[in-house]
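What the coordinates show
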Amino acid sequence: MEKTMVLSSITLECGETIRQVKVAYETSGTLNAERNNAILICHALTGDAKAVGDEETPGWWEGLIGPGRYVDTNRYFVITSNVLGGCAGTTGPASLHPESNTPYGADFPVVTIRDMVQVQYELVRQLGINKLFAVIGGSMGGMQVFEWAASYPEMMEVVVPIATCARLSAVAIAYNDVGRQAILSDPNWQCGHYYPGKGPVNGLSIARMLGMITYRTADLFEYRFGRRLKDDKGDVTKFDSTFQIESYLRYHGQKLVDRFDANSYLYLLKAMDSHDIGRNRGGIKKAIEGIQAHVLSIAISDDLLYPADHQEEVVAMMEVAGKNVEYHYIDSIYGHDGFLVEFVKIGPLVESYLNEQYVRVCKQAAAPY
């Protein structure tokens, strides 16, 4: 069930303070008497709080989470919240400024992954939970997972970063900037103050089209579309001819425009760009030294955005630092989007690790002093 909580204020890394932060969140399952079965799910770039959803609106991770599923809500109390800066119920650029009562637009302060995690931390504490059992997420959600482990090392037993990174690479920043420039160059962006208009729909659509190319693999595109035309009678020598792959990208571009705010897209891309758990902590190795949680790291083959070797490098650092870490590499034709699709491959790994660690936690709690 999706709910809303209002936090009094949040001071961001940039030094600015946002008053009356509204947070949209979803909970599934029941918090047990020991209050040690709570799992926080962190969403990706254009996700929202509906990870589990319901019969009318299935969640974006429904194949992984739910009653009797790999993250079993009959056993765990699952929380998901929409991130700060988003546009699905949590305070973001389209929200009304409490003083002017008009949308923030581009006057909304720059937020970071660390700021998002701070809001999640405050939400969890307001829910009366002093310690999470696990924090799980993929892509931008995985960045939040890494930041949780570094920012609040005593706040969880387990972290599961999937198809993600401990800091954004140069090539990922490059992809983000091309998408960003598509939005900024759209005349309808109007310096971020386009409300109540539709805003830079063409720019956002193009940004999403680029994103879709990076989310999947060349092999998958070739298998699904090849050089086939949308209309078999089309003439490839005509400008108005459309290949099926073009139609696919345009469809997903329009689909995002119908549900997502362009300003939020810009702010979340910038948050990803700044992501680095070693920032202001003496570097990644130093940040890793402070991690206390048990770590299940899962990478996906042919992930164009977050190649497996990036996670493997972090896992190697954790092993050198003596951390409790387990690593798995998933082979998938879906590439980066495998974390949203390959439930049969990812699910059993997550289920087994969570259940094993939950038994450990319960035994520790029952052990005599």
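The coordinates are above.
Residue numbers restart at each chain and count upward from 1, following the sequence in its written direction. With pLDDT at 70 or above as the cut-off, local features in this predicted model cover only qualifying residues; side-chain atom pairs require 80 or more to be listed or tallied, and sums for whole chains, interfaces and linings still use all residues. Excluded from the side-chain calculation are hydrogens and water; included are all heavy atoms of the structure.

Looking now at the pattern of salt bridges. Whenever a carboxyl oxygen of Asp or Glu lies within 4 Å of a side-chain nitrogen of Lys or Arg, that contact is scored as a salt bridge. Using the criterion set out here, one finds 13 salt bridges in the structure. Note that E147 is salt-bridged to R114, the shortest N-O span being 2.9 Å. Of this pair, E147 sits in helix 2 (residues 140-151) while R114 sits in helix 1 (residues 113-126); the two residues are 33 residues apart in sequence, bridging distant segments of the chain. The shortest N-O distance in the salt bridge between R250 and E246 comes to 4.0 Å. Of the two residues, R250 and E246 are both situated in helix 6 (residues 244-257); the distance of four residues between them amounts to about one turn of the helix. Each of the salt bridges in this network shares a partner with another, and the network as a whole consists of E13, R114, E147, R279 and R281. Here a strand is any run of E in DSSP of at least two residues, a helix any run of H or I of at least four, and the numbering for each starts at the N terminus.

Before going further, it helps to spend a moment on helix 4 (residues 201-215). Count 3.6 residues to each turn of an α-helix, and residues three or four apart come out pointing the same way. If you check helix 4, its first and last C-alpha atoms are 21 Å apart, about what 15 residues at 1.5 Å a residue would give, namely 21 Å. Buried, partly exposed and exposed residues are distinguished by accessible area as a fraction of the type maximum, computed with a 1.4 Å probe on protein chains only: under 20%, between the cut-offs, and over 50%, respectively. Looking at helix 4, one finds that the buried residues are G203, L204, S205, A207, R208, G211, M212, T214 and Y215. Against helix 3 (170-184), helix 5 (218-224), helix 6 and helix 7 (262-274) lie the buried residues of helix 4. Under the convention used throughout, the expected extent of a helix is 1.5 Å for every residue step, that is, one less than its residue count. Contacts: residue pairs with any heavy atoms within 4.5 Å of one another.

This next bit is on the pairing of strand 10 (residues 325-330). Moving residue by residue along a regular strand, the side chains alternate between the two faces of the sheet. Direction of pairing for strand 9 (residues 294-300) relative to strand 10: parallel, over a ladder of six bridges. Within strand 10, the position partnered with L296 by the bridge is E326. By convention, a crossover is right-handed whenever its connection, traced from the first strand over the helix to the second and viewed with the strands pointing away, goes clockwise. Where the polypeptide runs from strand 9 across helix 9 (residues 308-320) and back to strand 10, its parallel neighbour, the crossover connection is right-handed. Whether two strands pair comes down to DSSP finding at least two bridges between them.

Centre distance within 6.5 Å is the pairing criterion for rings of Phe, Tyr and Trp, where only the six-membered ring of Trp is used; planes under 30 degrees apart are then read as stacked, over 60 as edge-to-face, and the remainder as tilted. For the structure shown, the criterion picks out 15 aromatic pairs. Ring centres 4.2 Å apart and planes at 0° place the aromatic pair Y121 and Y152 in the stacked group. A residue pair is termed long-range when its members are at least 10 positions apart, and Y121 in helix 1 and Y152 in the loop between helix 2 and strand 8 (156-162) qualify at 31 residues. Taken individually, Y121 and Y152 each receive the classification buried, so the pair is uniform in this respect. Summarising the aromatic geometry, the rings of F225 and Y248 are spaced 5.0 Å apart at their centres and angled 45° between planes, so their arrangement reads as tilted. One end of the pair, F225, is in the loop between helix 5 and helix 6; the other, Y248, is in helix 6, and 23 residues separate them in sequence. On the basis of relative accessibility, which here comes to 8%, the residue F225 falls in the buried class. Through a chain of ring-to-ring contacts, three or more aromatic side chains come together here, namely W60, W61 and F339.

Our next topic: the layout of surface pockets. Cavities and pockets were defined on a 1 Å grid built from protein atoms only: a cavity is a group of points that admits a 1.4 Å probe but offers it no way out, a pocket is an open group of points flanked by protein on both sides within 12 Å along at least five of seven lines, and a lining residue is one with an atom within 4 Å of any such point. Grid points are joined across faces, edges and corners, and a volume is the space filled by probe spheres set on the points. Approximately 850 Å³ is the volume found for the largest pocket. Lining the largest pocket are 42 residues, and of these T46, R208, R259, D337 and L340 lie nearest its centre. Secondary structure elements with two or more residues in the lining of the largest pocket: helix 3, helix 4, helix 6, helix 7 and helix 10 (338-341). Looking at the lining of the largest pocket, the element that brings in the most residues is helix 4, giving seven residues. Residue polarity follows a fixed list, in which Ala, Val, Leu, Ile, Met, Phe, Trp, Tyr, Cys and Pro are nonpolar, Asp, Glu, Lys and Arg are charged, and the others, Gly among them, are polar. Looking at the lining of the largest pocket residue by residue, the class counts come to 22 nonpolar, 12 polar and eight charged.

This next bit is on empty space enclosed by the protein. Applying the stated criterion to the full structure yields one cavity of 30 Å³ or more. Estimated volume of the largest cavity: approximately 30 Å³. T112, I113, R114, E147, A271, S274, H275, D276 and R279 are the residues that line the largest cavity. Within the residue set of the lining of the largest cavity, elements represented by two or more residues are helix 1 and helix 7. Taken together, the residues of the lining of the largest cavity break down into two nonpolar, three polar and four charged.

On the surface, D219, E222, D302 and D331 cluster together into a patch of negative charge. Assignment of secondary structure puts E222 in helix 5. For patch building, the residue pool is restricted to those with more than 30% relative accessible area and no salt bridge; the joining distance is 9 Å between like charges and 5 Å between nonpolar side chains (Val, Leu, Ile, Met, Phe, Trp, Tyr). All accessible-area figures derive from a Shrake-Rupley calculation using a 1.4 Å probe, and residue coverage is judged against the displayed protein chains alone. In this tally, Asp and Glu contribute negative charge and Lys and Arg positive charge; neither His nor the terminal groups of the chain are included. By convention, the point assigned to a charge is CZ for Arg, NZ for Lys, CD for Glu and CG for Asp.

Next up on the list: the sheet that holds strand 9. Strand order in this open sheet of eight strands is 1-2-6-3-7-8-9-10, and the pairing throughout is mixed. With partners counted over all chains shown, the strands left at the sheet margins are strand 1 (2-11) and strand 10, one partner each. Along the sheet, successive strands turn relative to each other by an average axial angle of 20°, direction set aside. Helix 9 contacts strand 8, strand 9 and strand 10 of the sheet and is inclined by roughly 165° relative to strand 10. Angular values range over 0 to 180 degrees, each being the angle between N-to-C directions of two axes fitted as lines to C-alpha atoms, with helices fitted over their stretch in contact. Along the sheet, helix 11 (residues 343-366) contacts strand 3 (38-42), strand 7 (132-138), strand 8, strand 9 and strand 10; its crossing angle with strand 9, the most-contacted strand, is approximately 175°.

At a minimum axis distance of 8 Å, the contact between helix 4 and helix 6 shows a crossing angle of 125°. Relative to helix 6, the element helix 4 is oriented oblique. Both helix 4 and helix 6 take part in a crossing whose hand is right-handed. Taken together, the residues of helix 6 that come into contact with helix 4 (itself represented by V201, L204, S205, R208, M209, M212 and I213) are Y248, L249, R250, H252, G253, Q254, L256 and V257. When its residues are assigned to classes, the contact of helix 4 with helix 6 shows nine nonpolar, four polar and two charged. Angle categories are assigned with fixed cut-offs, so that under 35 degrees is roughly parallel, over 145 is roughly antiparallel, 65 to 115 is roughly perpendicular, and the rest are oblique. Definitions for this section: a left-handed crossing has its near helix turned counterclockwise from the far helix by less than a right angle. A right-handed crossing has that turn clockwise.

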